[in-house]
Amino acid sequence: MKIKAPRGTKDLCPDKSYRWQYVENKIRSVIHAYNYGEVRTPIFEYTELFQRGIGDTTDVVQKEMYTFLDKGERSITLRPEGTAGVVRCFIESGLVAGPQPTKMYYLSAPIFRYENPQAGRLRQHHQFGVEVFGAKDAAADAEVIELALHILHSLGVNNLSLHINSIGCPHCRPRYNQALKDYYAQRKGALCKTCLERLERNPLRLLDCKEESCSRLAREAPVITDYLCEECAGHFAALKKYFSAVGISYTVDPKIVRGLDYYTKTVFEIISEDIGAQGTVCGGGRYDGLIEQIGGPSMPGVGFGMGIERLLMVMEGAGVQIPRPEPLQVFLCTIGQPAKLLAFCAVCALRAAGVSADMDQAGRSIKAQFKYADKIGARFVLTIGGDEIEADKAKLREMATGVEKEVTLSKPLEWIK
RNA sequence: GUGGGUGUAGCUCAGUUGGUUAGAGCGCCAGGUUGUGGCCCUGGAGGCCGUGGGUUCGAGUCCCACUACUCACCCCA
């Protein structure tokens, strides 16, 4: 039985990794201007962190975590999202005592969820994400969303829509939940089975149901933005003002609820229509209670996660051309052992000077060496044999044109000019 | 966890109403004059036909189970 990669995981082979590097480089170059520093936290944490942070009753914590006991009987969990670990690090490292706000990002961080894989959904995926701690103004919400859009645009992705919502805070959300329950309680007959179950536990979820009868009810249901407290309503209004000030278009979508308990006030998703059913490329929002929840001071936070795999799918769908890496500059064909020694010295010298170079290591015929050089797309090929060694001259052949020029064998750095 | 689709060579796929040693193209390796790529020609390697049962004289082909991949629900990035 062949051993295969675990279900829901993907290898990234050399013929594709340049795409990831392109995205990563672009993200770094854009975020550089935003005053964010990179943070790298462990891919596993104590399980309790996620139970406290994400919420005990969420699907993620209840059925999607990779949790196990280590040899010291500690309950460990592979991180199912990025924010909790960064918050833990923020508190533990003492950054809480530094100047605020603190702005951090993580890039291509592996994320693990035990889900059933499908298009755009894996058991291990990778996220780019940002977190801003200690900024309560809606300017921070606006900044992270603008940052996400800026990065997407810089990657050539434009056919996306921004959906925003406010889900209130611990002061106003209970009132809305009650209103929802009252509304649905009078209409139980039209609800589907699962929605009847959701009614008590998480009424917000009913708004998202795809059943025809449920979604018809949802259209007439109370809207959360009508129930926001003064502070939350003001925050939401301020966010919209920032958007219109810089010309960001959005749709207010009361159906956006998010499945992580820590969100307050602003929540948003950036959605693509082109990559199948899992269209959310970027999602996030504000989490003003989380830092305190995890044992830090009472301090607001806002951030997002962006799925790298989905991002690449969107780029592919949009036909974005990603530049391929430079092919090998020089390949050395050799005949005989003395030529190999000489070639080895030459590739060392070329590489030391920053010129990519390689030589035959398979012990092949000259013809096969040329074929190989051709297949890997080498720009130049130079052949070394007895005659060349004796004369200290060799022909450097440009493969695309077939044009050859004579070079001095002992001076490899003069070959490529 | 639930449902649909699909599993034959590294890849894309053929394989007739079940019938003898399982095929093609591409790719890989090697040759086609002794030191030269792309085109062409020749040869080679590489498959327990996803796994396990069953029906049958005989199964890649029919039946069942399992498994993997895939799409979708749920949920999310």
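Here, the structure is the one placed above.
Before going into details, it helps to say that this report is about the structure given with it. Remember, predicted model here, so these are calculated numbers, not experimental data. (Residues numbered from 1 in each chain as written. Chains lettered and ligands numbered in written order. Predicted model: local features only at pLDDT ≥ 70, side-chain atom pairs only at ≥ 80, totals over all residues. Heavy atoms only, no water.)

1. Examining the packing of helix α5 (residues 138-154) against helix α9 (residues 230-246)
Okay, so step 1: Between α5 and α9, the shortest axis-to-axis distance is 8 Å and the interhelical angle comes to 45°. Our classification of the angle between α5 and α9 gives oblique. Handedness of the crossing formed by α5 with α9: right-handed. Here Ala 138, Ala 139, Asp 141, Ala 142 and Ile 145 of α5 come into contact with α9, specifically with His 235, Ala 238, Leu 239, Tyr 242 and Phe 243.
Okay, so step 2: Class assignment for the residues of the contact of α5 with α9 results in eight nonpolar, one polar and one charged. (Axes fitted to C-alpha atoms, helices over the stretch in contact; angles between N-to-C directions. Helix = DSSP H or I, 4+ residues; strand = E, 2+ residues; numbered from the N terminus. Parallel < 35°, antiparallel > 145°, perpendicular 65-115°, else oblique. Left-handed = near helix turned anticlockwise from the far one by under 90°. Contact = heavy atoms within 4.5 Å. Nonpolar A, V, L, I, M, F, W, Y, C, P; charged D, E, K, R; others polar.)

2. Focus: the sheet that holds strand β3 (residues 66-69)
Okay, so step 1: In spatial order, the strands read β2-β4-β3; together these three strands make up an open sheet with antiparallel pairing. Strands at the two margins of the open sheet, each flanked by one partner only, are β2 (44-46) and β3. Averaged over all adjacent pairs, the angle separating strand axes in this sheet is 30°, with direction ignored.
Okay, so step 2: Sheet topology note: the β3/strand β4 (residues 75-78) ladder contains four bridges and is antiparallel. (Pairing = 2+ DSSP bridges.)

3. Digging into the packing of aromatic side chains
Okay, so step 1: Counted under the stated rule, the structure contains twelve aromatic pairs.
Okay, so step 2: Ring centres of Phe 128 and Phe 304 lie 5.7 Å apart, and the angle between their planes is 70°; on these two criteria the pair is classed as edge-to-face. One end of the pair, Phe 128, is in strand β6 (residues 124-133); the other, Phe 304, is in strand β11 (residues 301-307), with 176 residues separating them in the sequence.
Okay, so step 3: Using a relative accessible area of 0% as the deciding quantity, one classes Phe 128 as buried.
Okay, so step 4: Where Tyr 262 meets Tyr 287, the ring centres are 5.6 Å apart and the plane angle is 70°; that geometry is what we call edge-to-face. Linking Tyr 262 in the loop between β8 (251-252) and β9 (264-272) with Tyr 287 in the loop between β10 (280-286) and α10 (290-293), this pair joins segments that are 25 residues apart in sequence. In this pair, the class of Tyr 262 matches that of Tyr 287, namely buried.
Okay, so step 5: Grouping aromatic residues by their ring pairs yields a cluster made of Phe 90, Phe 133, Tyr 262, Tyr 263 and Tyr 287.
Okay, so step 6: We note Arg 123 situated over the ring of Tyr 114; from NZ or CZ to the ring centre the distance is 3.9 Å. (Phe/Tyr/Trp six-rings, centres within 6.5 Å; stacked < 30°, edge-to-face > 60°. Buried < 20%, exposed > 50% of the residue type's maximum accessible area, 1.4 Å probe, protein only. Lys NZ or Arg CZ within 6 Å of the ring centre and 35° of its normal.)

4. Some words on unusual backbone geometry
Okay, so step 1: Omega for the peptide link from Gln 100 to Pro 101 comes to 5°, which places this bond in the cis form.
Okay, so step 2: Checked against the element boundaries, Pro 101 lands in the loop between α4 (83-92) and β5 (102-112).
Okay, so step 3: With phi around 70°, Asn 35 is a residue other than glycine that occupies positive phi space.
Okay, so step 4: For Asn 35, a relative accessible area of 61% puts it in the exposed group.
Okay, so step 5: Within the chain, Ser 108 stands out as a residue other than glycine whose phi angle is a positive 55°.

5. Structural notes on the protein's contact with RNA strand B
Okay, so step 1: As a matter of local geometry, RNA strand B sits amid 46 residues, with Arg 7, Arg 113, Arg 121, Gly 259 and Thr 280 nearest to it.
Okay, so step 2: Sugar and phosphate atoms form 53% of the subset of RNA strand B atoms that lie within 4 Å of the protein.
Okay, so step 3: The contact in question runs from a phosphate oxygen of RNA strand B to an N or O atom on the side chain of Arg 7, over 2.2 Å.
Okay, so step 4: Side-chain polar atom of Glu 115 to a base oxygen of RNA strand B: 3.2 Å apart, as the coordinates give it.
Okay, so step 5: Contributions of two or more residues to the surface near RNA strand B are made by β6, β10, α13 (366-375) and α14 (386-391).
Okay, so step 6: The element contributing the most residues to the surface near RNA strand B is α13, with six residues. (Near = heavy atom within 4 Å. Polar contact = N/O pair within 3.5 Å; in protein donor to acceptor, adjacent residues only side chain to side chain.)

6. What about the pairing of strand β16 (residues 404-408)?
Okay, so step 1: The pairing of strand β15 (residues 393-398) with β16 spans five bridges and is antiparallel. Bridging from a neighbouring strand, Lys 395 pairs with Glu 406 of β16.
Okay, so step 2: Two successive antiparallel strands, β15 and β16, enclose a turn made up of five residues, where Gly 402 displays a positive phi of approximately 80°.

7. Details of the side chain of Thr 58
Okay, so step 1: Position of Thr 58 relative to the elements: it lies in the loop between α2 (47-54) and α3 (59-63).
Okay, so step 2: From its side chain, Thr 58 meets the backbone oxygen of Gly 55 in a polar contact 2.9 Å long.
Okay, so step 3: Each residue touching Thr 58, except ones within four places of it in the same chain, is listed here: Gly 259, Leu 260 and Asp 261.

8. Details of the pattern of salt bridges
Okay, so step 1: Taken as a whole, this structure holds 17 salt bridges when the rule is applied.
Okay, so step 2: We note a salt bridge from Lys 103 to Glu 143, for which the minimum N-O separation is 2.9 Å. With Lys 103 in strand β5 and Glu 143 in helix α5, this residue pair connects regions lying 40 residues apart in the sequence.
Okay, so step 3: In this structure Glu 143 comes out as partly exposed when scored by relative accessible area, which is 22%.
Okay, so step 4: Arg 351 serves as the salt-bridge partner of Asp 358, at 3.5 Å between the closest nitrogen and oxygen.
Okay, so step 5: Look at the salt bridges and you will find they share partners, linking Asp 141, Glu 231, Lys 265, Arg 286 and Asp 288 into a network. (Salt bridge = Lys/Arg side-chain N within 4 Å of Asp/Glu carboxyl O.)

9. A word on the sheet that holds strand β13 (residues 357-359)
The strands making up a sheet associate through backbone hydrogen bonding, with each pair oriented either parallel or antiparallel.
Okay, so step 1: If you walk across this open sheet you meet the five strands as β13-β12-β14-β15-β16, and the pairing is mixed. Each of the sheet's edge strands pairs with one partner strand only, and the pair in question is β13 and β16. Each strand axis lies, on average, 25° off the axis of its neighbour in the sheet, ignoring direction.
Okay, so step 2: Taken together, the three bridges between strand β14 (residues 380-384) and β15 define a ladder with antiparallel strand orientation. By the bridge assignment for β15, Phe 380 is matched with Glu 398.
Okay, so step 3: Helix α12 (residues 337-352) contacts β12 (330-334), β13 and β14 of the sheet and is inclined by roughly 165° relative to β13.
Okay, so step 4: The strands touched by α13 are β12, β14 and β15; relative to β12, the strand with the most contacts, the crossing angle is about 170°.

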